[in-house]
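Structural features, examined
In case you want the letters, here they are:
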Amino acid sequence: MTGDVIAPGAPNVTEPDKKVKDLIKRFGVAVQKRSPWEELWQDCYDYALPQKTGFFPSTPGQERMDQVFDETAIVGTQEFASRMQSGICPAFTKFLVLECGPNVPADQRDQVQVGLQEIQDDFFDVINHSNFNQEMYEFFLELAVSNAPLLIEENNDEPDRPARFTQVPLTQVYMERDPFGGCGAMFQLTKKKISDIKVKWPKAVFHNDDLLKLEAEEPEKEIDILIITYRDWTVKTEEVNKYCVIAKQYEDLIYEEEMRGEGSNPWVVGGWSHSAGETYDRGPLVNVLPAIRTLNLTVQLILENAELAISGMWQGDDDGVLNPDTVRLVPGTIVPKAVNSTGLTPLETPGKFDVGQMILDDMRHNVRKGLYNETLGPREGTPPSATEVAERMADLARQVGSPFGRVWAVMEQVVRRVLYIRRKQGAIKIPRIGGQYVKIRPTAALAKAQRYDDIQNERYFYTTIAELYGPEMVALVSKPEEVTQVFADLYQVNKKPLRTKIEVKDLIEKLKQAMAAQAQAQQAPPPGA
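This write-up is about the structure you can find in this document.

The rules we used
- The numbering scheme is per chain: residues are counted from 1 as the chain's sequence reads.
- Predicted model: local features are reported for residues with pLDDT of at least 70 only, side-chain atom pairs are reported and counted for 80 or more only, and whole-chain, interface and lining totals are derived from all residues.
- The basis for every side-chain value is the complete set of non-hydrogen atoms in the structure, without hydrogens or water.
- Geometry of aromatic contacts follows a simple scheme: Phe, Tyr and Trp rings, the Trp one being its six-membered ring, pair when their centres are within 6.5 Å, and the pair is stacked under 30 degrees between planes, edge-to-face over 60, tilted otherwise.
- The way it works is that DSSP assigns letters per residue, a run of H or I at least four long becomes a helix, a run of E at least two long becomes a strand, and they are numbered from the N terminus.
- For every residue, the accessible area obtained with a 1.4 Å probe (protein chains only) is divided by the maximum for its type, and the residue is called buried under 20%, exposed over 50%, and partly exposed between those limits.
- Lysine NZ or arginine CZ positioned within 6 Å of the ring centre and within 35 degrees of the ring normal marks a charge as sitting over the ring.
- Multiplying 1.5 Å by the helix residue count minus one yields the expected span of that helix.
- By definition, residues are in contact when any of their heavy atoms lie within 4.5 Å.
- Positive: Lys, Arg. Negative: Asp, Glu. His and the chain ends are not part of the count.
- Note on definitions: salt bridges are taken to be side-chain nitrogens of Lys or Arg within 4 Å of carboxyl oxygens of Asp or Glu.
- Counting of polar contacts relies on pairs of N or O atoms within 3.5 Å, with two restrictions inside protein: one atom must be capable of donating a hydrogen and the other of accepting it, and residues adjacent in sequence are counted only when both atoms are side-chain atoms.
- Structural elements are reduced to axes, namely lines fitted to C-alpha atoms, with helices fitted over the stretch in contact, and the angle between N-to-C directions of any two is expressed from 0 to 180 degrees.
- Here the word oblique covers every angle except those under 35 degrees (roughly parallel), over 145 (roughly antiparallel) and from 65 to 115 (roughly perpendicular).
- Following the grouping adopted for this structure description, the nonpolar residues are Ala, Val, Leu, Ile, Met, Phe, Trp, Tyr, Cys and Pro, the charged ones are Asp, Glu, Lys and Arg, and the polar ones are all others, Gly among them.

Moving on to the packing of aromatic side chains. Tallying each qualifying case throughout the model produces 18 aromatic pairs. With centroids separated by 5.6 Å and ring planes inclined at 75°, the aromatic side chains of Phe80 and Trp272 adopt a geometry described as edge-to-face. Within this pair, whereas Phe80 is found in helix α3 (residues 72-88), its partner Trp272 is found in the loop between β9 (267-270) and α8 (284-287), the two being separated by 192 residues in sequence. Ring centres of Phe95 and Phe124 lie 5.3 Å apart, and the angle between their planes is 85°; this geometry places the pair in the edge-to-face category. Taken as a pair, Phe95 in the loop between α3 and β1 (96-100) and Phe124 in helix α4 (residues 109-128) lie far apart in primary sequence, 29 residues in all. Judged on exposure class, the residue Phe95 and its partner Phe124 are both buried. Grouping aromatic residues by their ring pairs yields a cluster made of Trp37, Trp41, Tyr45, Phe55 and Tyr280. Seen from the ring of Phe206, Lys198 lies directly overhead, with NZ or CZ sitting 4.9 Å from the centre. One Lys or Arg, Arg231, reaches over the ring of Trp233 and ends 4.3 Å from the middle of that ring.

What follows is the structure, given as structure tokens:
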């Protein structure tokens, strides 16, 4: 990893007004681009994540599930997040490996790999002693809707927790695409007490007179803070990111920082499915939203039908005796009626419960399938075997397909960011991470499932040879030491217990010599013959 960190501090106030106005103008454009998405996202929140704060004004503690009649989407989204986390970055496990890239000289690879192992151990020590696992679950919940922003900041307040992870909700952030289609700028609009601003940014400086007056008289008042992080494309030789904090309604740039080097951007933004020309991605919840709406409406109608079936619909003759405004249908009630009138008579309800149930089954299946929660059918009977678990993960990997690559790119950004923080803290030294010097290889369950077909093909080939010509033919047509290395790579196991090629070659020579000596001893005449 290369690059330096420019010392943060108060901004240069020679021309603050122009810079602030330009940044606020960029923010206004980002707000306009996000606005058409908000109703779609709010629907996803209402049906699948009702406890999250929405995009439209609401009262704290307000009931948010009064229009939810079916919980399939709620449970399915939570299961989607759990499956993605357990398949990509399971808690307290080593879900990736740092390896030497192709540009590392062959005579230095062993030495470099030892250093990478130490850095890898440091990386997992950092995330296991942080809030990474909790925030990644929230990250995948947000990913089900659209882009999921993850903020990774240096934590100097707690020495045993060098990094702090924060999943920032979509309601607070606005994106801007860069010239290459990636995330070029992030705008976060949040509220902070004036007294908390200099706790968060100790080197922040207020320039606006009204803001200075509030700091002295009303330090507990909350104001809008606009945090902007954007890439400086005028620098071509390295990655340079600008970080600005603005008191929005006062147009006061109170803090500014320049960060250089790979991993200097504190934002990691994940996405699921992207359409060309659009700023934001679409999550799997968007794809199944029609089924979720139909499911919710069907359950609502069934409940209304049930209410009619229980309480019933009644008709009565207008005979001057029956007063429908005073009739109460409770046990023991006597309803008066005129002579020769029919009194109250029940009406048959038109709804059919069995038809509604048939629609529910189809819609629930579609929602679960769209959220990748139904692989190889539901589990029944005895606990699943290892083969069944492998098949389920392989089926999930096939269904996820290309989005897995986009989600895994998030983990690579997490590695770059954490190692940047550790390098800044002086804890590690590491070369460039970009595939040329250091490779990041996934080892979690979903990544292994991506290679399941390769493993099956290799095994099927050797099994076919054994079935056609006998097991002894497998040893004749293949090199056992090479086959062992191939399967070790496919299974991604620790190769330390395995003998090296040189050790295997020496062992074969010793076996040949021992067999030759034994054969010579058998051919020699017995003593005294």
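Now, onward.
In a regular helix each residue adds 1.5 Å, so 20 residues correspond to 28 Å; α4 covers 28 Å between its end C-alpha atoms and thus fits that length. Taken together, the buried positions of α4 are occupied by Leu116, Ile119, Gln120, Asp122, Phe123, Phe124, Val126 and Ile127. Packed against the buried residues of α4 are β1, α5 (132-143), β3 (163-167), α12 (402-424) and β12 (438-442).

Time to look at the side chain of Asp178. Relative to the elements of secondary structure, Asp178 occurs in the loop between β4 (173-177) and β5 (183-193). The side chain of Asp178 is buried and forms no salt bridge, while Arg231, the nearest opposite charge, is found at 6.2 Å. Within the structure, the side chain of Asp178 is placed 2.9 Å from the backbone nitrogen of Phe180, a separation counted as a polar contact. Only 2.8 Å separates the side chain of Asp178 from the backbone nitrogen of Gly181, close enough to count as a polar contact. The contact partners of Asp178, leaving out residues within four places of it in the chain, are Cys183, Gly184 and Trp233.

Following both chains from N to C, one finds α4 and α12 inclined at 95°, their axes separated by 10 Å at the closest point. Taken together, the axes of α4 and α12 are roughly perpendicular relative to one another. On α12, the residues touching Ile119, Asp122, Phe123 and Val126 of α4 are Val414, Val415, Val418, Leu419 and Arg422. Each residue belonging to the contact of α4 with α12 can be placed in one class, and the counts come to seven nonpolar, no polar and two charged.

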